[in-house]
There are 2 protein chains.
Amino acid sequence: MQTAYRPIRVALLGAGSVGSQVARLLIENKEELAQRVGAELELTGIAVRNLDSKREGNLPSHLFTTDAEALIESSDLVIELMGGIEPARSYVRMALNSGADVITANKALIAAHGPELFDLAEQLGAQLYFEAAVGGAIPIIRPLRESLAGDKVNKVMGIVNGTTNFILDRMESTGASFEDALREAQDLGYAEADPTADVEGFDAASKAAILASLAFHSEVPVEQVYREGITKVTALQIETARESGYAVKLLAICERIPASDGQPEGIAVRVHPTLIPEEHPLAAVRGAYNAVFVEAESAGQLMFYGAGAGGTQTASAVLGDLVGAAKRHLAGGPGLADSVHANLPILPVQAVTTRYQVTLRVTDLPGVLASVATVFANHEVSVETVDQNPAGKDSGALLTITTHEASERDLDSVVADLRSNAAVQNVDSVIRVEGI
Amino acid sequence: MQTAYRPIRVALLGAGSVGSQVARLLIENKEELAQRVGAELELTGIAVRNLDSKREGNLPSHLFTTDAEALIESSDLVIELMGGIEPARSYVRMALNSGADVITANKALIAAHGPELFDLAEQLGAQLYFEAAVGGAIPIIRPLRESLAGDKVNKVMGIVNGTTNFILDRMESTGASFEDALREAQDLGYAEADPTADVEGFDAASKAAILASLAFHSEVPVEQVYREGITKVTALQIETARESGYAVKLLAICERIPASDGQPEGIAVRVHPTLIPEEHPLAAVRGAYNAVFVEAESAGQLMFYGAGAGGTQTASAVLGDLVGAAKRHLAGGPGLADSVHANLPILPVQAVTTRYQVTLRVTDLPGVLASVATVFANHEVSVETVDQNPAGKDSGALLTITTHEASERDLDSVVADLRSNAAVQNVDSVIRVEGI
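Residues numbered from 1 in each chain as written. Chains lettered and ligands numbered in written order. Predicted model: local features only at pLDDT ≥ 70, side-chain atom pairs only at ≥ 80, totals over all residues. Heavy atoms only, no water.

Residue and element names in this part refer to chain A. Using the criterion set out here, one finds seven aromatic pairs over all chains in the structure. With centroids separated by 5.4 Å and ring planes inclined at 50°, the aromatic side chains of Phe118 and Phe130 adopt a geometry described as tilted. Of this pair, Phe118 sits in helix H5 (residues 107–124) while Phe130 is found in the loop between strand S6 (128–129) and helix H6 (141–147), placing the two residues 12 residues apart along the sequence. The residues Phe118 and Phe130 share a single accessibility class, namely buried. Taking the centre distance of 5.1 Å and the plane angle of 0° together, the rings of Tyr289 and Tyr305 count as stacked. Of this pair, Tyr289 sits in strand S11 (residues 289–296) while Tyr305 sits in strand S12 (residues 300–307), and the two are 16 residues apart along the sequence. On the basis of relative accessible area, Tyr289 is assigned to the partly exposed category, the value being 26%. Taking the ring centre of Phe202 as reference, the NZ or CZ of Arg227 above it sits at 3.8 Å. (Phe/Tyr/Trp six-rings, centres within 6.5 Å; stacked < 30°, edge-to-face > 60°. Helix = DSSP H or I, 4+ residues; strand = E, 2+ residues; numbered from the N terminus. Buried < 20%, exposed > 50% of the residue type's maximum accessible area, 1.4 Å probe, protein only. Lys NZ or Arg CZ within 6 Å of the ring centre and 35° of its normal.)

Now for the UniProt feature "binding site: NADPH" (unreviewed entry) in chain A. Residue and element names in this part refer to chain A. As annotated by UniProt and renumbered to match this structure, "binding site: NADPH" (unreviewed entry) occupies Lys107. Tracing the backbone shows Lys107 in helix H5. Apart from residues lying up to four places away in sequence, Lys107 is in contact with Ala133, Asp203, Ser206, Lys207 and Ile210. (UniProt positions renumbered as here; feature names shortened; annotations may be inferred. Contact = heavy atoms within 4.5 Å.)

Turning our attention to the confidence of the model for chain A. Overall, the predicted model of chain A reaches an average pLDDT of 91, with 96% of residues at or above 70. At the low end of the mean pLDDT range in chain A sits strand S14 (residues 383–390) of chain A, at 86; at the high end sits strand S4 (residues 77–80) of chain A, at 98. (pLDDT = per-residue confidence, 0-100.)

It is worth spelling out the interface of chain A and chain B at this point. Interfaces are often described in size by the accessible area the parts lose on coming together. With 43 residues of chain A at the contact, the number on the chain B side is 42 residues. Here B:Arg142 makes a salt bridge to A:Glu146, at a shortest N to O gap of 3.1 Å. At the level of secondary structure, the elements contributing two or more residues to the side of chain A that touches chain B comprise helix H2 (30–37), H6, S12 and helix H12 (311–331) of chain A. Counting residues per element, the side of chain A that touches chain B draws most heavily on H12(A), at nine residues. Of the residues contributing to the side of chain A that touches chain B, the split by class is 20 nonpolar, 14 polar and nine charged. As defined by bridge partners, S12(A) adjoins strand S12 (residues 300–307) of chain B across five bridges and the pair is classed as antiparallel. Each residue of the ladder has a partner; that of A:Phe304, found in S12(B), is B:Phe304. (Salt bridge = Lys/Arg side-chain N within 4 Å of Asp/Glu carboxyl O. Nonpolar A, V, L, I, M, F, W, Y, C, P; charged D, E, K, R; others polar. Pairing = 2+ DSSP bridges.)

Moving on to the pattern of salt bridges. In total, this model carries 48 salt bridges over all chains according to the counting rule given. Between A:Arg170 and A:Glu184 there is a salt bridge whose closest N-O contact spans 3.1 Å. Of this pair, A:Arg170 sits in helix H7 (residues 162–174) while A:Glu184 sits in helix H8 (residues 178–187), and the two are 14 residues apart along the sequence. For the salt bridge of A:Arg432 with A:Glu228, the shortest nitrogen-to-oxygen distance reads 3.2 Å. Of the two residues, A:Arg432 sits in strand S17 (residues 424–433) while A:Glu228 sits in the loop between strand S8 (226–227) and helix H11 (235–243), which places them 204 residues apart along the sequence. Take A:Arg432: its relative accessible area is 8%, and that puts it in the buried class. We classify A:Glu228 as partly exposed; its relative accessible area is 28%. One connected set of salt bridges, linked through shared partners, spans A:Arg142, A:Glu146, A:Asp321, B:Arg142, B:Glu146 and B:Asp321.

Let's shift gears to the pairing of strand S2 (residues 41–47) of chain A. Residues and elements named next belong to chain A. For S2, the buried fraction is high: five of the seven residues fall into the buried class. As defined by bridge partners, strand S1 (residues 8–13) adjoins S2 across six bridges and the pair is classed as parallel. Note that in S2 the partner of Leu13 across the bridge is Ala47. Examined bridge by bridge, S2 and strand S3 (residues 64–65) share two bridges and lie parallel to one another. For Ile46, the partnering residue across the bridge sits in S3 and is Phe64.

With that settled, consider the domain arrangement of chain A. Under the domain assignment used here, chain A contains domain 1 (8–129), domain 2 (141–308) and domain 3 (352–433). Centre-to-centre separation of domain 1 of chain A and domain 3 of chain A, based on C-alpha positions: 53 Å. (Domains from an automatic or database assignment.)

Residue and element names in this part refer to chain A. Contact pair helix H4 (residues 88–97) / H5: the axes reach a minimum separation of 10 Å and the direction vectors enclose 15°. Considered as vectors, H4 and H5 are oriented roughly parallel to each other. By crossing handedness, the relation of H4 to H5 is classed as right-handed. Contact with H4, carried on its side by Ala88, Arg89, Val92, Arg93, Leu96 and Asn97, involves Leu109, His113, Glu116, Leu117, Leu120, Ala121 and Leu124 of H5 and no other residues of that element. Looking at the contact of H4 with H5 residue by residue, the classes come out as eight nonpolar, two polar and three charged. (Axes fitted to C-alpha atoms, helices over the stretch in contact; angles between N-to-C directions. Parallel < 35°, antiparallel > 145°, perpendicular 65-115°, else oblique. Left-handed = near helix turned anticlockwise from the far one by under 90°.)

Now for the relation of the copies chain A and chain B. The two copies are related by a screw motion: chain A maps onto chain B through a turn of 180° and a shift of 0.0 Å along the axis, at an RMSD of 0.0 Å. Expressed as a symmetry operation, the mapping of one chain copy onto the other fits a two-fold axis. Comparing interface residues between copies, 98% of those in chain A also lie at the interface in chain B; the contact surface is shared. (Least-squares fit on C-alpha atoms with pLDDT ≥ 70 in both.)

Residue and element names in this part refer to chain A. Taken together, Leu369, Val383 and Val386 make up a surface patch of nonpolar side chains, about 200 Å² in accessible area. If you trace the backbone, Val383 turns up in strand S14. For Val383, a relative accessible area of 31% puts it in the partly exposed group. (Patch = residues over 30% accessible without salt bridge, like charges linked within 9 Å, V, L, I, M, F, W, Y side chains within 5 Å. Areas by Shrake-Rupley, 256 points an atom, 1.4 Å probe, with all protein chains shown as cover.)

Now the structure itself:
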């Protein structure tokens, strides 16, 4: 096709599951993309570490190179899909310094070095796009940055890791243990051989930091995200939850905490297994799907749902960013500046107020319930429901106590006192409850 | 606050439920918005038809004026929230001609005159923003225009009218008739005294035309949207649907129809009551909420959910657009060009292939089922399930037949033949089924 402009040279760094799909779509949809952009997008090369690695798809071999620096220097736009911090960070800096806009799906890089890279882009009048870094194909970055730019976001709550959602979903639907569900996820390719980044919540924590920084216009270092993974979630916890009308989900929760008692307004960001009422839209998010729930002052409740991972799905988000970057390249003009003007302090998880479900193994004697209830009352934690079940032969009773809203601080004190209470054999489980 | 730039003058046309909220938020959040934009947004005036009308909120009376033209001429950005075609269309043209970007929530205007207004804006290097025209606070326009710009959308299916969703939801949960549920909606302020635009599907058809034009990069005149309202939906239909595992929703459905039999690739756009399986995410959209489901080739299935109407909710979308327009005003550069390069033909509803549920009243004699089944078979419409129930004293039996995928053309022929079949007393209901 003839266009008014000369082709835009696009460099691709990385040829993994997302990179190979991006390359395929750039080649297969060349005509259609040229019509949308108004100029051809010419894939000038694909930088890889090793030319001999086996690749997905049938990409033309002449595109591959190990010389990422030369490729970057000769391109107008750079797509970084290598993952990890180095050399991705150096290459992104090099690309921005050369005047290229950069598109990345690298959540670890954005969570760890976002402010540095955004500053650099702003100084140079370049742009950094990262829609694909959170929620795969789901448009969530752009809505937060742009659509809600005139609103005040109070809470973002999301299922942002498909691997853990798949595992928890299998545990719920089959009664499997964590270990068995993990193995199934690994067999199906949903979990990696070393699943730590997913099951310990590191991946979700990176995404939580990115979402919080956009939602609250503040810098959110990933180290300040409170993080609990799902490795300790038991089949019994999930069954108990279901019996009381809840699903267990690994949620990334970013919220604005109002000023109180001399503590300034701030934000708290946390990732942990959470009980969600079955009728909440997030509870219906099954398998490896992702969803992000947003509460804003004017807009009210919004939810964004879709495939949170996968090569072609993530490639869709990368190409959306690429079309935007290409239009900007042709016409000039501003991109998306990520203002951190609000600069709210990050509060510790102890500043959070939420509900809890506490499961205790107690001796089955008269007065135990009163004794346990007193512990909660002593710390002004109000109890909403108590369920009592025999825990099996000779082992007393199992109490499942759901609280009204209480602070982490007070709940910590309750749990410490319960542990030293003579009638309490064990505190089996403490899990937060959201979405009520 | 001190900013590097002089204030940006913002004109507001209309002070109804959305306009009064936009004005309130512009005044209340002046400081915060100035920080986000980098310049103050100064509300220079609010054009109304009658200065003496009673208004919501306590907006400063000096802002009101009846001289919309003078207000437009003296402003940098114009927000049109009057609704209707004229004088809104003339004012939008005047604003664009004066060099102002325009933000509108006017779906009727965009559906009827979008192409003309987009052309004008493009000629003048101005921009027209309309996130608030579909789905209230839900970011759906921007994701379709930008996030999916590198993907190929195959289908958009949405609950885009809160009034009809509320009515259908009440009919389902209380067994009420359409008339009773409509009266309840009117009492609660969800439906207008003259509910025609909502219940006959005109509002949804405007939104469907807008969504289809963005999804398929083609001009979609609203007159070519096939439209059936919900006034003929009966309590019995809803009960029958529920018994077979479906919810009844008024859906706007925009889909790409592949080329076949000499018919070129095209798109079909339709609004009608539809059965959706209860486990489909759209079935769980309750009350006056909206949701839009998108299927794209690479991204897969996405869903966007939130408040589809309401003054503050829609104001959130208007302010998001306003912040974007204000940044563009400061920095210059391109906005969102809505390409219609694909220019796919709009096909009649007869080109659509979907499933159907047909409810028949038949004489309760041996051989009737065979006779009815033969009618379907004669037109190559494959039957998936048949449910037979006594229809009440002396009145034969009620057959509920759900088909596999069939074309509208073939189904029309089946219904015509059923009507002339001696064993069929009446064809009570024909309703399309989606989401399987």
